[in-house]
Amino acid sequence: VSVRDIESNYSELLYKSYCVIGIVLIAFVIYAFALRKLIAVPMGSLNRSIDKSVDNLDFTENLEYDGPFKELDMLTDANNNLYRKVHQELERQAEFNANVSHELRTPVAVMHAQCQLSREIAEKNGDEEMLESIEVFERQTSRMKGLIEQLLQMFEASSGSQMTSDKVILSK
């Protein structure tokens, strides 16, 4: 075996090694891009959909994933179940706020109307003592009406997409 044969075999082996390394590297890059397309792109899309839903407080639209990975499909299903529950809670909260609004405003409106009627009767009869009592009752009824309005505004602000920073005065 001559030195020339050894050098030739060495050069050929080195060339084949570099070719194999190049092919493996190219295969790895292709595989990485395929994984990116199969995982990262759908994950980015899901993330944007979630951000959009959270920003708008709109949980009515389901997320969609049509890919080969069962884990991402399970994650999408879990998010859709969470969306459904959040949407149901928001609906219940809106219904509760409407009921509270009606239940609180109605008695105060009746009391206010009774105050006005009583005031008219007391004025006709010239009953100053009764007028003073009615005046106190009217002030307290107006105060209660204002508190109810502030409370309802807080409910609306907490359930809406924007929070307001209005002062709520609970005592006078």
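Details of the structure are given in the entry above.
Because the structure is predicted, anything quoted here is derived from the model rather than measured.

Novice: For this particular structure, what's the right way to read the overall build of the protein?
Specialist: When helices and strands are counted, the protein shows three helices and zero strands. Put simply, the protein runs from its N terminus to its C terminus through helices and strands in the order α-α-α. For 172 residues, the compact-globule estimate of 2.2 N^0.38 gives 16 Å, and the protein exceeds it by more than 25% at 37 Å. For the C-alpha atoms alone, the extent of the protein along its principal axes is close to 135 × 30 × 15 Å. For the protein, buried positions account for 14% of its 172 residues. In the protein, the proportion of contacts linking residues at least 24 apart, taken out of those at least 6 apart, comes to 56%. Of the roughly 13,900 Å² that the protein leaves accessible, carbon and sulfur atoms contribute 59%. Counting 18 positive and 27 negative side-chain charges, the protein places the centres of these two groups 5 Å from one another.

Novice: How should a nonpolar patch on the surface be read in this particular structure?
Specialist: A grouping of Y10, L14, Y18 and I21 is seen on the molecular surface, where their side chains present a nonpolar patch of about 460 Å² in accessible area. Secondary-structure assignment places Y10 in helix α1 (residues 3–56). Accessibility expressed as a relative area gives 54% for Y10, which makes it exposed.

Novice: Mind showing me how you'd approach the packing of aromatic side chains here?
Specialist: Aromatic ring pairs are defined here through the distance separating the ring centres and the angle between the ring planes. Inspection of every chain in the model, using the stated rule, returns one aromatic pair. Judged by centre distance (5.2 Å) and plane angle (65°), the ring pair of F59 and Y83 falls under edge-to-face. Of this pair, F59 sits in the loop between α1 and α2 (70–125) while Y83 sits in helix α2, and the two are 24 residues apart along the sequence. Accessibility classification places F59 together with Y83 in one group, the buried group.

Novice: Sorry, what's going on with the pattern of salt bridges here?
Specialist: Between side chains of opposite charge, a pair can form when the charged atoms approach closely. Across all of its chains, the model carries six salt bridges by this definition. Close ionic contact of E89 with R92 constitutes a salt bridge, the shortest N to O distance being 3.3 Å. Within this pair, E89 and its partner R92 are both found in helix α2, separated by three residues, close to a single helical turn. Take R92: its relative accessible area is 54%, and that puts it in the exposed class. The partner of E138 in a salt bridge is R119, with the nearest N and O atoms 2.5 Å apart. Here R119 lies in helix α2 and E138 lies in helix α3 (residues 128–159), a separation of 19 residues in the sequence. Under the relative-accessibility criterion, R119 is labelled partly exposed at 22%.

About the cut-offs
Residues numbered from 1 in each chain as written. Predicted model: local features only at pLDDT ≥ 70, side-chain atom pairs only at ≥ 80, totals over all residues. Heavy atoms only, no water. Helix = DSSP H or I, 4+ residues; strand = E, 2+ residues; numbered from the N terminus. Rg over C-alpha atoms; globule rule 2.2 N^0.38 Å. Buried < 20%, exposed > 50% of the residue type's maximum accessible area, 1.4 Å probe, protein only. Contact = heavy atoms within 4.5 Å. Areas by Shrake-Rupley, 256 points an atom, 1.4 Å probe, with all protein chains shown as cover. Lys, Arg positive; Asp, Glu negative; His and termini not counted. Charge placed at Lys NZ, Arg CZ, Asp CG, Glu CD. Patch = residues over 30% accessible without salt bridge, like charges linked within 9 Å, V, L, I, M, F, W, Y side chains within 5 Å. Salt bridge = Lys/Arg side-chain N within 4 Å of Asp/Glu carboxyl O. Phe/Tyr/Trp six-rings, centres within 6.5 Å; stacked < 30°, edge-to-face > 60°.

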